[in-house]
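# Geometric and topological summary
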Amino acid sequence: AESNVLIAKSTIALFLSLVPKFLHEFGHRAAYCLMDLRLRMAMSFPDPPPWLQSALDTLLSIRKWTLRCLSLPRPKLLIARRSPFAAGPNGKL
């Protein structure tokens, strides 16, 4: 529907509002790379350039490997703790 397309374009514009104006075109293309084919077709967005798709995939794979293998473990202070109000294993508070 047209309302979905309008919301998608507005969301991308919101994400790019913090990016300098000369990078907006690149930001749009990068956003298209992060979408799968069905979503791009539903929102009537163009296909991204193949070189950008592979470059972004490679960059994200390098980031994933770096975080998995080279990052130090999180200190206990930053690890999310269970809320005292969360349901236990039996489903009760």
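In what follows, the structure referred to is the one given above.
By convention here, each chain's residues receive numbers from 1 onward along its written sequence. Local features in a predicted model are, by the rule used here, given only for residues with pLDDT of at least 70; side-chain atom pairs are given and counted only at 80 or more, and totals for whole chains, interfaces and linings are based on all residues. The side-chain figures draw on all heavy atoms in the structure; neither hydrogens nor water molecules are used.

A run of H or I in DSSP counts as a helix once it spans at least four residues, and a run of E counts as a strand once it spans at least two, with each numbered from the N terminus. Helix and strand counts for the protein come out as four helices and zero strands. To sort residues, take the accessible area from a 1.4 Å probe on protein chains only and compare it with the maximum for the residue type: under 20% means buried, over 50% means exposed, and anything in between is partly exposed. Taking all 93 residues of the protein together, the buried fraction comes to 19%. Note on definitions: a residue-residue contact is assigned when non-hydrogen atoms from the two residues lie within 4.5 Å. In the protein, once contacts between residues fewer than 6 apart in sequence are set aside, the share between residues at least 24 apart is 27%. For accessible areas, the Shrake-Rupley method is used with a probe of radius 1.4 Å. Any residue's cover is judged against the shown protein chains and nothing else. Of the roughly 8100 Å² of accessible surface on the protein, 66% is carried by carbon and sulfur atoms.

Here we come to a nonpolar patch on the surface. Residues Phe22, Leu23, Phe26 and Trp51 make up a contiguous nonpolar surface patch of roughly 500 Å² in combined accessible area. Following the sequence through the fold, leucine 23 ends up in the loop between helix H1 (2-15) and helix H2 (24-34). For leucine 23, a relative accessible area of 33% corresponds to the partly exposed category. Only residues whose relative accessible area exceeds 30% and that form no salt bridge enter a patch; like-charged residues are grouped when within 9 Å of one another, and nonpolar side chains (Val, Leu, Ile, Met, Phe, Trp, Tyr) when within 5 Å. Here, a salt bridge means any Lys or Arg side-chain nitrogen found within 4 Å of an Asp or Glu carboxyl oxygen.

Turning next to unusual backbone geometry. The backbone of serine 44 shows a phi angle near 50°, a positive value even though the residue is not glycine. Position of serine 44 among the secondary structure elements: in the loop between helix H3 (37-42) and helix H4 (50-69).

It is worth spelling out the nonpolar core at this point. Counting residues in each nonpolar core, the largest one holds nine residues, listed as Val5, Ala8, Ile12, Leu16, Ala31, Tyr32, Met35, Met43 and Phe45. Among the secondary structure elements, those contributing two or more residues to this core are H1 and H2. Ranked by the residues each element gives to this core, the list is headed by H1, at three residues. Among residues more than four places away in sequence, those in contact with valine 5 are Ala42, Met43 and Ser44. Buried residues of nine kinds, namely Ala, Val, Leu, Ile, Met, Phe, Trp, Tyr and Cys, make up a nonpolar core once their side-chain atoms join them within 4.5 Å.

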